[in-house]
Amino acid sequence: MLQEKYKTEIDEILSRYPVRRSAMLPLLTMAQREEGYVSEAAMKEIASILRVTPPQVYETVTFYTMLNLKPIGTFHIQVCKSLMCALVGSDSLLVWLQARLGIKPGETTPDRLFTLSTVECLASCGTGPMMQVNDDYYERLTEEKVDRILADLKRDGTSPLKSGPFILPEPEGAHG
Amino acid sequence: MVKLTIDGVPITAPKGTLVIEAARQAGIMIPHFCYHPKLKWDANCRMCLVEIERVPKLQTSCSTPVAEGMVVRTATTAVTQAHKSVLEFILANHPLDCPVCDQGGRCDLQDFSHEYTPTTSRFIEVKRIFPKEYFSALIETQMNRCVQCLRCVRYCDEVMDVKALAPAGRGTMTEIKHFTHHELDCEFCGGCVQICPVGAITSRLSMYEYRPWMLKRADTICTYCGDGCQITIQTKENKLIEVNTAHGAGRNNGDLCARGFFGYHASTHPDRLQHPLVRRNGELVQATWEEALGFVAETCIRLKMEHGAEAFAGLIASRCTNEDLYVFQKFMRLAIGTNRIDSSARYGQINGVRALRRVQGTHRWAVTFEDIVAADALLLVGTNITETNPITGLKVKEAVKKRTATLLTVDALVPAVGTISNIANLAAHHFPVHPDRFGHVVLGLIKAVVEDGLVDQALAHRAPAYVQAIGDAVQALSWPALESATGTTSGALREAARIFARAARGVVLVGQGVLRSPGGYGLTTNLLDLLLLTGQHGRPGCGLAPLAEENNDQGAVEMGTVAEYLPGPCDLNDPTARERIAGLWKEELPKGPGRTLTETLEEARTGKVKAMFVVGENPVGSLPHAARAKDALAQLELLVCQELFLTETAALAHVVLPACSYAEKDGSFTNTEGLVQPVRRAIEPIGESRPDWEILSALSVLMGYPIEYGDAKEILKEIRSLIPGYGLLGAGPNPPRPDEAVVSRYLREGYAEDLANRYAATQPTEKRTGHFTLLVTQSLFHSGKFSTRSTGLLEIQNTGVLGLNPADAARLGVTDGDRVRVSNTLGELTAPIKLLERIPEGLAVFPEHFDEEARRLLGVSTDPQTRVPYCKSAQVVIEKL
Amino acid sequence: MAKSLKSWLKTITFYEILVGMKATLKHLLHYKPITLQYPHEKRTLPDSYRGMLALLRYDDGTEKCVGCDLCEAACPSRVIKVVSAEVPGEPTKRYAKEYYMDMTRCLFCGLCVDACPVDALGMTREYEWAVYDKRQLYLNKQQLLAIGDRSFPVREKKLELQHLNVAFFNVAFKHLPPKEG
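Residues numbered from 1 in each chain as written. Chains lettered and ligands numbered in written order. Predicted model: local features only at pLDDT ≥ 70, side-chain atom pairs only at ≥ 80, totals over all residues.

J.: Report on the overall build of chain C, specifying residues and quantitative values.
T.: In terms of helices and strands, chain C carries six helices and five strands. Starting at the N terminus and walking to the C terminus, you meet the elements of chain C as α-α-α-β-α-β-β-α-β-β-α. With 181 residues in all, chain C has 21% of them scored as buried. For chain C, restricting intrachain contacts to residue pairs at least 6 apart in sequence, the fraction spanning at least 24 positions comes to 71%. (Helix = DSSP H or I, 4+ residues; strand = E, 2+ residues; numbered from the N terminus. Buried ≥ 20, exposed ≤ 12 C-beta atoms within 10 Å, placed from the backbone. Contact = placed C-beta atoms within 7 Å.)

J.: Account for the overall build of chain A, with residues named and values stated.
T.: On a plain count of helices and strands, chain A comes out with eight helices and four strands. Ordered by position from N to C terminus, the α and β elements of chain A give α-α-α-α-α-β-α-α-β-β-β-α. Along the first, second and third principal axes, the C-alpha set of chain A runs to 50 × 50 × 30 Å. Here chain A holds 176 residues, and the buried ones make up 28% of them. In chain A, of all internal contacts separated by at least 6 residues, the share reaching a separation of at least 24 is 56%.

J.: Give a detailed account of unusual backbone geometry, specifying residues and quantitative values.
T.: The step from Gly128 of chain A to Pro129 of chain A runs through a cis peptide bond, and the omega angle for that step is -10 degrees. Locating Pro129 of chain A in the fold gives a position in the loop between strand S2 (114-119) and strand S3 (131-133). Each neighbour pair has its own omega, and for Gly568 of chain B with Pro569 of chain B the value is -10 degrees, a cis peptide bond. Its location among the elements puts Pro569 of chain B in the loop between strand S22 (565-566) and strand S23 (570-571). Residue Phe188 of chain B is not a glycine yet carries a positive backbone phi of 55 degrees.

J.: Break down helix H17 (residues 490-502) of chain B for me, citing the residues and quoting the values.
T.: All names here are of chain B. If you check H17, its first and last C-alpha atoms are 18 Å apart, about what 13 residues at 1.5 Å a residue would give, namely 18 Å. Buried within H17 we find Leu493, Ala496, Ala497, Phe500 and Ala501. Considered in projection along H17, the buried side chains sweep an arc of 130 degrees and stay on one side of the axis. The elements touched by buried residues of H17 are strand S17 (377-381), strand S18 (406-411), strand S19 (429-432), helix H13 (438-451) and strand S20 (506-510). (Expected span 1.5 Å × (residues − 1). Arc of directions from axis to C-beta.)

J.: Explain the domain arrangement of chain C residue by residue, including any values.
T.: Per the domain assignment, the segments of chain C are domain 1 (1-32) and domain 2 (53-157). Taking the mean C-alpha position of each, domain 1 of chain C and domain 2 of chain C sit 59 Å from one another. (Domains from an automatic or database assignment.)

J.: Now, about the environment of Tyr726 of chain B: what can you tell me, with residues and values included?
T.: Residues and elements named next belong to chain B. Here Tyr726 shows up in the loop between helix H26 (712-722) and helix H27 (740-748). We classify Tyr726 as partly exposed; it has 17 C-beta atoms within 10 Å. Residues Tyr726 and Leu716, ten residues apart in the sequence, show an inter-C-alpha distance of 9.3 Å. Beyond its immediate sequence surroundings of up to four residues, Tyr726 is in contact with Ile719 and Arg720.

J.: I'd like a rundown of the packing of helix H2 (residues 77-93) of chain B against helix H3 (residues 108-116) of chain B, residues and numbers included.
T.: Residue and element names in this part refer to chain B. At a minimum axis separation of 10 Å, H2 and H3 run at an interaxial angle of 130 degrees. Relative to H3, the element H2 lies oblique. Every pair of crossing elements has a handedness; the one defined by H2 and H3 is left-handed. Of H3, the residues touching H2 (which contributes Thr80, His83, Lys84, Leu87, Ile90 and Leu91) are Leu109, Phe112, Ser113 and Tyr116. In terms of residue class, the contact of H2 with H3 is built from six nonpolar, three polar and one charged. (Axes fitted to C-alpha atoms, helices over the stretch in contact; angles between N-to-C directions. Parallel < 35°, antiparallel > 145°, perpendicular 65-115°, else oblique. Left-handed = near helix turned anticlockwise from the far one by under 90°. Nonpolar A, V, L, I, M, F, W, Y, C, P; charged D, E, K, R; others polar.)

J.: Could you give an account of the sheet that holds strand S5 (residues 138-139) of chain C, with specific residues and numbers?
T.: Residue and element names in this part refer to chain C. Taken in spatial order, the three strands line up as S2-S3-S5 in an open sheet, and their pairing is antiparallel. Only two strands of the sheet have a single partner each, and these edge strands are strand S2 (80-86) and S5. Here seven bridges tie S2 to strand S3 (residues 94-102), and the two strands are oriented antiparallel to one another. Its bridge partner lying in S3, Glu86 is registered against Arg94. This element, helix H6 (residues 141-151), spans S3 and S5 of the sheet and lies at about 85 degrees to S3. (Pairing = 2+ DSSP bridges.)

J.: Tell me what's going on with the packing of helix H3 (residues 24-35) of chain A against helix H4 (residues 40-50) of chain A, and back it up with residues and numbers.
T.: The relative placement of two packed helices is expressed as an angle between their axes plus a distance between the axes. All names here are of chain A. Interhelical geometry of H3 versus H4 gives an angle of 150 degrees and a closest axis separation of 10 Å. Classified by the angle their axes make, H3 and H4 are roughly antiparallel. The interaxial crossing formed by H3 with H4 has right-handed handedness. On H4, the residues that touch Met24, Leu27, Leu28, Ala31 and Glu35 of H3 are Ala42, Ile46, Ile49 and Leu50.

J.: Talk me through the environment of Val66 of chain B; I want residue IDs and the actual numbers.
T.: Residue and element names in this part refer to chain B. Its location among the elements puts Val66 in the loop between strand S4 (59-60) and strand S5 (70-73). Taking the number of C-beta atoms within 10 Å as the measure of exposure, Val66 has 25 and is therefore buried. Once the C-alpha coordinates of Val66 and Lys15 are considered, the two residues, 51 residues apart in sequence, prove to be 6.8 Å apart.

J.: Got a sec to walk through the nonpolar core? Specific residues and values, please.
T.: Within the largest apolar cluster, 183 residues are counted, with the highest numbers of intra-cluster contacts made by Leu378 and Ala844 of chain B. Residue contributions to this core peak at nine residues, all from H13 of chain B. Core analysis: the next-biggest nonpolar cluster, separate from the first, contains 105 residues, Ala47 of chain A together with Leu18, Cys186 and Ala258 of chain B among them. (Core = buried A, V, L, I, M, F, W, Y, C linked by C-beta atoms within 7 Å.)

J.: Describe the sheet that holds strand S10 (residues 216-221) of chain B, naming the residues involved and giving the relevant values.
T.: Residue and element names in this part refer to chain B. Taken in spatial order, the three strands make up an open sheet running S10-S11-S12, and their pairing is antiparallel. Looking along the sheet, the strands with just one partner apiece sit at the ends: S10 and strand S12 (239-244). Direction aside, the axes of adjacent strands within the sheet are offset by 30 degrees on average. Sheet analysis places strand S11 (residues 230-236) next to S12, joined by five bridges and oriented antiparallel. Bridge pairing links Thr235 to Leu240 in S12.

J.: Can you lay out the pairing of S11 of chain B for me, pointing to particular residues and giving the numbers?
T.: All names here are of chain B. Buried residues dominate S11, accounting for five of its seven residues. Alignment of S10 against S11, held across six bridges, turns out to be antiparallel. Paired with Asp219 across the bridge in S11 is Thr232. Where S11 folds back on S12, the antiparallel hairpin that results is connected by two residues, among which Glu237 adopts a positive phi of roughly 50 degrees.

J.: Pulling in residues and values, what's your account of the domain arrangement of chain A?
T.: Per the domain assignment, the segments making up chain A are domain 1 (2-63) and domain 2 (75-156). Distance from the C-alpha centre of domain 1 of chain A to the C-alpha centre of domain 2 of chain A: 29 Å.

J.: Outline the pairing of strand S24 (residues 611-615) of chain B, supporting the account with residue identities and numerical values.
T.: Residues and elements named next belong to chain B. In terms of residue burial, S24 counts as a mostly covered element, since five of its five residues are buried. Covered by surrounding structure in S24 are Ala611, Phe613 and Val615 together with Met612 and Val614, the residues of both alternating faces. Bridge analysis of strand S15 (residues 312-316) against S24 gives five bridges, and the strand direction is parallel. If you follow Ile316 over to S24, its bridge partner there is Val615. Relative to strand S25 (residues 638-643), S24 is paired through five bridges, and the arrangement is parallel. Bridge pairing in S25 links Ala611 to Leu638.

This is the structure in structure tokens:
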């Protein structure tokens with residue numbers, strides 16, 4: 001059904017790559033944008049578009065933490081568990097989050113508000129421990145800060161504690 | 001060549017050799033997990049680290065090619081330390097469950113751990129655990145044991161081209177899965193089981209039945225197709241436990257298909273006949289060997305007195321060993337005195353052999369599997385090679401994937417990616433045509449060769465009349481007619497013809513779709529014409545290769561168990577050959593005519609043939625109802641069957657004699673490329689069964705024409721004395737060169753006799769709307785009816801499922817698993833359906849192994865020249881039930 | 001003279017014989033029989049006594065044996081025959097479907113007990129196994145477990161799934177929570 005809905009877009013994506021299967025990630029991103037996660041049907045369809053087998057698509061999806069195999073909650077909390085954050089206490093942060101939300105990594109709260117997962121380095125090593133909620137970074141986290149963020153998210157859907165906005169897209173006049 | 005030193009040993013190796021291979025050749029074993037000579041190196045396990053002089057750090061020997069003057073050390077302190085650390089990391093997660101692991105006792109990790117690690121680990125962390133579900137009916141995984149070398153995944157992709165295994169997840173949590181939580185659905189070649197260095201992937205079929213040290217091994221040959229793969233049957237207390245094969249062993253080089261790897265239980269099926277059966281008061285009852293053989297001999301002598309030797313006929317399956325086949329024809333010719341012998345090579349193989357003999361004077365391929373791998377252009381006609389001859393298919397895949405050969409395919413199936421490989425996916429040009437129009441594509445190719453000036457100059461010079469005649473014949477065909485028949489463009493045909501003609505080495509593989517279909521003989525001859533015209537014929541490494549379906553089709557022809565040949569094969573009426581054979585046998589050969597399978601059945605029906613010996617063949621179960629084999633055999637006064645199981649034919653017999661399967665006897669099989677390979681006994685005969693030749697030998701004694709041998713080797717010795725240069729049991733075949741005298745005769749006059757017929761583009765019967773073409777074909781998971789007794793293969797496929805194109809199914813309003821009624825004027829059948837994208841619209845495919853019902857629908861036609869019965873397709877109507 | 005008298009006295013009193021028979025005579029006087037009245041009286045067995053073999057269970061009543069065949073491999077006189085199989089419903093978990101011991105051939109060497117990776121075999125202190133029909137000494141799994149039950153009433157705790165640094169062993173991982181990720 002992706003093909004029916006996004007025919008031109010898929011053709012455009014395919015035209016970008018000399019090797020057909022290189023279009024896998026853009027197509028998977030498209031599938032995730034469509035449903036919020038990558039469904040089995042989507043993987044099969046992408047396999048047939050790219051002329052690869054479904055297991056080959058599946059292995060790609062499982063490699064990337066940005067691609068979800070299950071429906072996720074409104075707020076996808078991704079806690080960095082790589083070395084730098086671990087050294088400054090990401091594990092205790094994770095335990096705190098688990099206790100607050102009552103779920104383990106990989107799970108979604110029953111109210112479908114929060115999904116917790118652990119991810120590899122998010123390139124914010126100087127300001128660890130940190131997490132990413134949907135597309136926003138939250139850095140130099142402490143337990144109190146996490147509680148405030150969770151409360152803000154629940155109430156407003158966003159939190160003033162998030163970092164940024166970053167300079168992408170570049171602010172006007174950056175180059176004079 | 002590059003000179004280097006490994007551990008002080010000077011070595012020369014060809015450029016590009018990897019250090020690990022060079023060391024292996026010098027007898028130095030470098031431990032490794034992820035490296036395998038069949039696969040591209042991945043260097044992910046880090047076990048094969050070695051020290052190379054002037055390289056600051058340790059290098060992975062599996063990814064480092066040799067270089068001039070390289071000095072490699074494999075046993076220094078640094079290397080040993082590295083081995084220790086790597087193993088410590090692997091063992092940090094690998095469970096110590098060797099006692100319950102099927103790999104225990106032959107595990108690389110076990111061996112290396114003993115050799116390189118201290119007995120304790122510094123890791124106190126909790127080991128990684130994966131939850132476990134059943135993986136599939138035949139292949140089981142235990143991911144806790146996985147060392148993540150990814151050999152299985154790479155094998156599945158690189159060698160098998162199946163891509164059914166996925167390394168899901170990342171880091172230590174990577175596990176081998178199929179597709180999400182689905183059970184494995186693939187070719188079940190067992191390659192992942194064999195290639196796993198640890199016990200992470202094991203066979204469910206023999207799970208926990210054995211420990212490696214308990215097993216007895218016998219190297220023998222698989223009987224499930226003509227490829228002739230070497231298998232090692234492992235037995236424990238006379239029970240078949242498992243089958244495997246070693247890298248580098250046999251023509252299959254360590255690869256197997258589902259049939260070879262999982263099909264071995266058929267030999268010990270509980271339904272095996274254990275005692276002779278004799279018909280008394282209309283029922284088959286158990287008898288002793290003395291009673292049964294005495295009765296047969298007595299009746300034979302009586303019938304011979306009453307009706308003469310010409311009232312006898314014999315039929316043998318080409319699944320028997322060469323020794324069985326040879327003794328059978330000798331028994332029929334001497335003890336009985338008739339030439340009315342035929343075998344199941346008649347079903348198709350004879351078309352290929354007759355064409356080869358006619359054009360190039362050989363009865364074997366002029367090419368080998370190595371030539372297929374080394375070919376530049378491969379033309380596959382009418383063969384779903386990955387299902388019928390999977391290992392030859394692997395050679396084609398290797399040629400295309402590793403040697404970048406250009407593949408041209410002509411087949412009914414269309415390219416579709418799935419977890420069962422499909423050779424059309426690899427084709428540079430695929431011509432998907434209706435199964436009765438393969439000939440049109442070949443004519444198109446020949447026309448393109450002639451018109452585009454691709455005809456070999458030497459040939460044009462040598463046989464101008466031949467080139468002219470063929471040129472005239474193809475000029476008479478019009479491009480639009482060919483285009484409409486084949487559904488392709490003349491441009492594509494021209495391009496394909498150009499690729500094939502310009503290739504340095506071209507090989508044509510022709511399969512069941514041609515050999516077992518109407519016009520098979522003529523089309524095979526046309527393909528030889530194509531080879532001749534493009535100059536590919538006679539060049540080393542080029543030629544035509546008809547693919548045998550049964551394991552000893554080739555042997556059946558060579559042993560003279562077909563109507564037209566004496567052992568050799570020599571023509572039945574060739575006086576010099578007759579004289580030579582009579583001299584060796586010290587007995588006159590019978591003068592009577594040979595009769596083919598269909599002719600014999602006809603003669604039985606009219607009462608001319610009164611008695612028949614049927615060895616392992618099952619005409620009632622193989623031919624469609626329209627052939628009325630049952631009526632014919634029911635007329636006989638004596639029907640003797642030597643069988644493994646009580647088949648449809650054996651059920652009609654007056655005497656049924658229990659024969660040994662291939663696992664219980666010694667002998668030899670000749671594979672499709674003409675290599676005679678030894679078959680060795682793995683278990684004792686089941687019940688009172690005996691090898692076929694022993695039964696015939698005992699009968700001959702009772703009939704007063706003793707044909708006696710001590711063992712199978714003596715028979716082979718006699719065969720060798722009879723056929724010059726026969727059966728040099730070497731590692732590879734020594735293909736015959738085309739006989740130039742025969743080629744010249746063909747070019748001079750031989751081609752002309754049926755030229756008009758062969759080059760006539762018969763107007764294909766227009767398909768009536770709503771009609772499907774039903775094809776009864778071989779499936780990847782079965783071979784004949786024997787494999788349908790194998791528990792393992794039945795796990796994968798246990799019923800006849802009709803394959804349909806999804807679009808057709810949508811039109812019929814049915815979906816996967818629905819039952820449909822398939823019918824035509826001859827009969828009807830109901831079957832569940834399976835949607836397969838590889839099946840083109842208008843086609844329905846049914847496996848011949850479950851065709852009890854489907855055989856009602858099929859008609860029979862006979863080849864006018866080779867008398868091959870064609871009965872594999874029918875026009876049918878399909879309705880939703 | 002005195003010396004000859006002394007020797008003469010020793011001669012007539014059979015002194016040397018008395019010396020030689022000292023132990024005998026002492027026992028003659030303090031009579032205490034050594035022979036045990038066997039069925040009524042039994043000897044105390046040494047701690048390391050190797051008697052009848054038995055299969056053991058864990059404290060929850062499950063069999064310890066995982067059907068690994070190592071006892072069969074270790075046995076020098078081919079006493080043991082193990083038929084192992086997968087536990088139905090629990091993928092890749094192994095157990096001994098059948099287990100036989102032909103005790104007529106057993107040497108009681110204890111190598112099987114040493115070989116067992118899960119301590120499923122024990123040597124009991126039973127030795128009264130005289131039978132009229134030696135076929136009765138061909139024991140199956142139920143009989144061996146019964147011997148274990150009566151001889152080892154105190155059972156070991158089941159191995160934990162994860163034993164630090166050792167192994168997790170023959171566990172069907174079917175009912176574990178799904179992994180994180």
